[in-house]
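# Structure assessment
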Amino acid sequence: MNIQMATASSSLSQTQKKMDTIANNIANVNTAGYKSREATFQNLLTKTYRNQTGETTEPGRETPENLRVGFGSKVALTTLRNEQGSVQETGRDLDVMLEGENVYFRVQNGNAVHYTRDGSFEFRNENGTFTLVNSSGNPVLDTNGNAINFANSTSKLLISDSGEIRATDANENEEIFQLSIAKINRPQALVNAGGNEFSLDGDGELELAALDGEEYKTKQGFLEMSNVDLADETTEMISTQRLLQFQSQAIKMADEMMGLANTIKR
């Protein structure tokens, strides 16, 4: 009975983590560039499979070596899903959609470089200098790793399929910049950093995509929406809720059985 309660209790807490992942996906269904995550479970039996084997550590053991009783399950990892999100036309010059597998805009967040698929950019005016920033207010970087700063207010802005920015002011002065697009070779190394941005851990490999139109394309006046399938997430949420109820009932039943056993013993 103690094993039953431990198993149900362990599984209950881990199932709640899956519910939190689903809830986060649903909450971001309308967030531009959001990539959903999927929780993957692991049976704890695999964790204890090779622990403490042999006569010296388990004298008198009669069951086969390497045979253990698992205590529920745990969330092994949450997998980042990189499928392309739906397309939304906005007609806004500063909205940029990024097409391509495992490619991201590079932005400056403090002293670190972050990565995002959210192309809803804006201008930030600082003492007459106009900086291109993302929706979190972090500067968008060019291929040299510098913030994209415009000397004058732009009257016309064109962004090509390769990410080249041509800005023209009221006096027909033109400035040209190139958006920095990064291709992440191992996207599962991306870590959520808040604000719809990712950081890259020490094991990740980063490669700047060649500007040849094959690795990616940018589309001005469009946004990539989230890749969350609301119908699938809702179905998964209902299934997970049923599992939570079942595990809660298992804990209640184990508690009642322990109470009955203690009463009989007395």
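In the block above lies the structure referred to throughout.
As the structure is a prediction and not an experimental result, all values here were calculated from the model.

## Side note on the overall build of the chain
- Looking only at helices and strands, one finds three helices and 18 strands in the chain.
- Of all 266 residues assigned to the chain, the portion counted as buried reaches 36%.
- Considering only residue pairs separated by 6 or more positions, the chain has 65% of its internal contacts joining residues 24 or more positions apart.
- For the chain, the exposed surface amounts to about 14900 Å²; the carbon and sulfur share of it is 48%.

## Digging into unusual backbone geometry
- Residue Asn-102 is not a glycine yet carries a positive backbone phi of 60 degrees.
- Phi is positive for Asn-127, close to 55 degrees, though the residue is something other than glycine.
- By the element assignment, Asn-127 lies in the loop between strand S7 (122-126) and strand S8 (129-133).
- Taking the relative accessible area as the measure of exposure, Asn-127 reaches 84% and is therefore exposed.

## Remarks on the side chain of Asn-134
- Its place among the elements puts Asn-134 in the loop between S8 and strand S9 (149-150).
- Not counting the four nearest positions on each side in its chain, Asn-134 is found in contact with Val-107, Thr-116, Ser-120, Phe-121, Val-140 and Glu-197.

## Some details on the pattern of salt bridges
- This model, assessed by the stated rule, comprises nine salt bridges.
- Notably, a salt bridge pairs Lys-18 with Glu-236, separated by 2.5 Å at the nearest N-O pair. Highlighted residues: Lys-18 in helix H1 (residues 2-27) and Glu-236 in helix H3 (residues 230-265), separated in sequence by 218 residues.
- Classification of Lys-18 as buried rests on a relative accessible area of 17%.
- Residue classification places Glu-236 among the partly exposed residues on the basis of a relative accessible area of 31%.
- Put simply, Glu-224 and Arg-117 hold a salt bridge, and the shortest N to O gap is 3.0 Å. You can see Glu-224 sitting in strand S18 (residues 222-224) and its partner Arg-117 sitting in the loop between strand S6 (112-116) and S7, a full 107 residues away along the chain.
- Accessibility expressed as a relative area gives 1% for Glu-224, which makes it buried.
- Residue Arg-117 is classed as buried on the basis of its relative accessible area of 4%.
- Here the residues in one salt-bridge network are Lys-35, Arg-117 and Glu-224, joined through shared partners.

## Concerning the sheet that holds S8
- The three strands lie next to each other as S7-S8-S9, forming an open sheet whose pairing is antiparallel. Of all strands in the sheet, those with a lone pairing partner are S7 and S9, marking the two edges.
- Relative to S8, S7 runs antiparallel, the two being bridged by five bridges. If you follow Asn-125 over to S8, its bridge partner there is Phe-130.

Calculation rules
- Residues numbered from 1 in each chain as written.
- Predicted model: local features only at pLDDT ≥ 70, side-chain atom pairs only at ≥ 80, totals over all residues.
- Heavy atoms only, no water.
- Helix = DSSP H or I, 4+ residues; strand = E, 2+ residues; numbered from the N terminus.
- Buried < 20%, exposed > 50% of the residue type's maximum accessible area, 1.4 Å probe, protein only.
- Contact = heavy atoms within 4.5 Å.
- Areas by Shrake-Rupley, 256 points an atom, 1.4 Å probe, with all protein chains shown as cover.
- Salt bridge = Lys/Arg side-chain N within 4 Å of Asp/Glu carboxyl O.
- Pairing = 2+ DSSP bridges.

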